[in-house]
Amino acid sequence: MAYTIINGSVTAAKGFQASGVHCGIRKNKSKRDLALIYCEKKCTAAAVYTTNLVQSSPITVTRKNLQNGYAQAVICNSGNANTCNADGMEKAEMMCRLVADKLPIDAEDVIVGSTGVIGQILPIEPIAEGMDQLVAELSVDGATNAAEAIMTTDTISKEVAVETTINGKTVRVGGISKGSGMIHPNMATMLCFVTTDAAISAPMLQKAVSTAADLTFNMISIDGDTSTNDMLSVMASGLAGNEEITAENEDYAAFLEALTAVCRGLSRLMAKDGEGATKLLICKVSGAKTEKDAKGVAKSVICSSLLKAAMFGADANWGRVLCAIGYSGCDVDVHKVDVSFASKAGTIDVCKDGAGIEFSEELAKTILTEDEIDILVALNDGDGQAEAYGCDLTYEYVKINGDYRT
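Because the structure is a prediction, the values reported are computed rather than measured.

### A look at the overall build of the protein
When helices and strands are counted, the protein shows 11 helices and 16 strands. Its C-alpha atoms put the protein at 70 × 55 × 35 Å along the principal axes. Buried positions account for 57% of the 406 residues belonging to the protein. Accessible area of the protein: about 16000 Å², with a carbon and sulfur share of 48%. Of note, the protein has its 35 positive side-chain charges centred 3 Å away from the centre of its 52 negative side-chain charges.

So, in structure tokens, the structure goes:
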């Protein structure tokens, strides 16, 4: 591991400031609902988005703004998704102009995001009225306020930062994300904003962002619903002073490792904070014929509602793991599959060569009562491996989503 996890967030990298305020989109005045991230210089930028055919207006505007590979700020509101609205594009573009009016940047250099209820008109007045405070509060210490401002049903803010060395220079990567429900990203209401002071070209940054997303965010599932607003964006200031990364070399590999570490850390935080969740589930698959098969099996297991319910009840129902593997569509010899459950309370083998074995139900219960559970799947048929992240399915999930709009 060539990187180090550090205390920090989306302002850990050189050149970045952030803020988060309550402007009035949300009725609860104790909850921040508008975030801003700003860099002192124009950055190379890249993003990946939801593959849902229904997409938010902020995604459409951000796609357009990032066509040239540059950005200098992010503005994001919570409490309203600005999706499926006749005036959605106008409102998203207005948010960009509001930022440009207060900072020395162009409106086209703004990444815009929204999260919350779909199909309700986004009021622009509170955002306009909150801009002075939002800009005034920009600081290196404002990252947590920004992280809180993009939360919806999240119960904790999600912030991760790492440090690495590239071309003899210290490089930092940090990010914030939100996501607790409607989480089943399929990116080529999850939002993630990452910053770095690495010098990297826009094409190579896009390649790194797409690769990191496939290994991390695209391996999460909380409820199987792909949001209309999913977005992962990265801005790179270049202020670390490393030689610009323009090809897939050792420097690129070091940067990709650091970026993936940040995305993986945020993915784990999102999965653990799934709506109503009491446990983080990590399915670790080894011995697959290919990496694609490993990823497919891991995602299938983590998506199983029956398994998620069993984990909530601390029930070592390993048959549900085999069932999910069986319908994954992957190339698997089910007669070679071994399954174990593990946590800080220990590890227990429950299946060998696709068949049940004797095990202590009492020990299994103890292991599965912990708040982080590893579901270990050995396919014993190759070198492919992958991890997927999810959570248990609880009564509280239904309660939260039964009256989400009201």
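This is not the end of the story, as more comes after the structure.
### Here we look at the packing of helix H5 (residues 202-215) against helix H6 (residues 250-272)
For the pair H5 and H6, the least separation of the axes is 9 Å and the interaxial angle reads 45°. The angle between the axes of H5 and H6 places the two elements in the oblique class. Considering how the two elements wind past one another, H5 and H6 form a crossing that is right-handed. Where H5 abuts H6, its residues Met-204, Leu-205, Lys-207, Ala-208, Val-209, Thr-211, Ala-212 and Leu-215 lie against Tyr-252, Phe-255, Leu-256, Leu-259, Thr-260 and Cys-263. Split into classes, the residues belonging to the contact of H5 with H6 amount to 11 nonpolar, two polar and one charged.

### Some details on unusual backbone geometry
The phi angle at Asp-353 is positive, at roughly 55°, despite the residue not being glycine. Here Asp-353 lies in the loop between strand S13 (346-352) and strand S14 (355-356). Exposure remark for Asp-353: the relative accessible area of 43% places this residue in the partly exposed category. Even without being a glycine, Asn-380 presents a positive backbone phi close to 50°. Relative to the helices and strands, Asn-380 resides in the loop between strand S15 (372-378) and strand S16 (384-391).

### Remarks on the sheet that holds strand S12 (residues 338-343)
Read from one edge of the open sheet, seven strands run S9-S16-S11-S15-S12-S13-S14, paired in mixed fashion. In this open sheet, the two strands that pair with only one neighbour each are strand S9 (220-221) and S14. Relative to S16, strand S11 (residues 280-288) runs antiparallel, the two being bridged by seven bridges. The residue of S16 that forms the bridge with Ala-288 is Gly-384.

### Side note on the state of the cysteines
Tallied over the full model, the rule gives zero disulfides. Cysteine Cys-76 remains unbridged, with the sulfur of Cys-192 as its closest cysteine sulfur at 11 Å. On the accessibility criterion, Cys-76 (1% relative accessible area) is buried. Free of any disulfide, Cys-330 has its nearest neighbouring cysteine sulfur in Cys-283, separated by 11 Å.

### Description of the environment of Ser-57
As for its position among the elements, Ser-57 is in helix H1 (residues 57-65). Overall, Ser-57 belongs to the buried group, its relative accessible area being 9%. In this structure, the C-alpha to C-alpha distance between Ser-57 and Thr-83, residues 26 residues apart in sequence, is 5.9 Å. Setting aside its immediate chain neighbours within four residues, Ser-57 contacts Asn-82, Gly-88, Met-89 and Ala-92.

### Digging into the side chain of Asp-109
Tracing the backbone shows Asp-109 in the loop between helix H2 (88-102) and strand S5 (110-115). Residue Asp-109 is classed as buried on the basis of its relative accessible area, which comes to 4%. Only 3.2 Å separates the side chain of Asp-109 from the side chain of Lys-42, close enough to count as a polar contact. In contact with Asp-109, not counting residues within four places along its chain, are Lys-42, Asn-68, Tyr-70, Ala-71, Gln-72 and Ala-73.

### Concerning H5
Between its terminal C-alpha atoms H5 stretches 20 Å, which fits the 20 Å expected from 14 residues at 1.5 Å a residue. Within the span of H5, buried status applies to Ala-202, Met-204, Leu-205, Ala-208, Val-209, Ala-212 and Ala-213. Along the axis of H5, the buried residues cluster in a sector spanning 165°; they form a single face. Buried residues along H5 sit in contact with strand S3 (34-49), strand S10 (231-236) and H6.

### Some remarks on the packing of aromatic side chains
Inspection of every chain in the model, using the stated rule, returns one aromatic pair. Both rings, one in Phe-312 and one in Tyr-395, keep their centres 5.3 Å apart while their planes meet at 85°; by these two values the pair is edge-to-face. Highlighted residues: Phe-312 in helix H8 (residues 305-312) and Tyr-395 in helix H11 (residues 395-402), separated in sequence by 83 residues. Given a relative accessible area of 29%, Phe-312 falls into the partly exposed group. On the basis of relative accessibility, which here comes to 69%, the residue Tyr-395 falls in the exposed class.

### Points about H8
Looking only at H8, the buried set comprises Leu-307, Lys-308, Ala-310 and Met-311. Projection of H8 onto a plane perpendicular to its axis shows the buried side chains occupying an angular sector of 160°, all on one side. Taken from the residues just after H8, Ala-314 is the one with a positive phi, measuring 55°.

### Focus: the pattern of salt bridges
Under the criterion given, the structure shown has 17 salt bridges. Among the ionic pairs, Lys-284 bridges to Asp-374, the shortest N-O distance being 3.4 Å. Of this pair, Lys-284 sits in strand S11 while Asp-374 sits in strand S15; the two residues are 90 residues apart in sequence, bridging distant segments of the chain. A relative accessible area of 19% means that Asp-374 is categorised as buried. Overlapping salt bridges, with partners in common, bring together Arg-268, Lys-272, Asp-371 and Glu-372 in one network.

What counts and how
- Residues numbered from 1 in each chain as written.
- Predicted model: local features only at pLDDT ≥ 70, side-chain atom pairs only at ≥ 80, totals over all residues.
- Heavy atoms only, no water.
- Helix = DSSP H or I, 4+ residues; strand = E, 2+ residues; numbered from the N terminus.
- Buried < 20%, exposed > 50% of the residue type's maximum accessible area, 1.4 Å probe, protein only.
- Areas by Shrake-Rupley, 256 points an atom, 1.4 Å probe, with all protein chains shown as cover.
- Lys, Arg positive; Asp, Glu negative; His and termini not counted.
- Charge placed at Lys NZ, Arg CZ, Asp CG, Glu CD.
- Axes fitted to C-alpha atoms, helices over the stretch in contact; angles between N-to-C directions.
- Parallel < 35°, antiparallel > 145°, perpendicular 65-115°, else oblique.
- Left-handed = near helix turned anticlockwise from the far one by under 90°.
- Contact = heavy atoms within 4.5 Å.
- Nonpolar A, V, L, I, M, F, W, Y, C, P; charged D, E, K, R; others polar.
- Pairing = 2+ DSSP bridges.
- Disulfide = S-S within 2.5 Å.
- Polar contact = N/O pair within 3.5 Å; in protein donor to acceptor, adjacent residues only side chain to side chain.
- Expected span 1.5 Å × (residues − 1).
- Arc of directions from axis to C-beta.
- Phe/Tyr/Trp six-rings, centres within 6.5 Å; stacked < 30°, edge-to-face > 60°.
- Salt bridge = Lys/Arg side-chain N within 4 Å of Asp/Glu carboxyl O.

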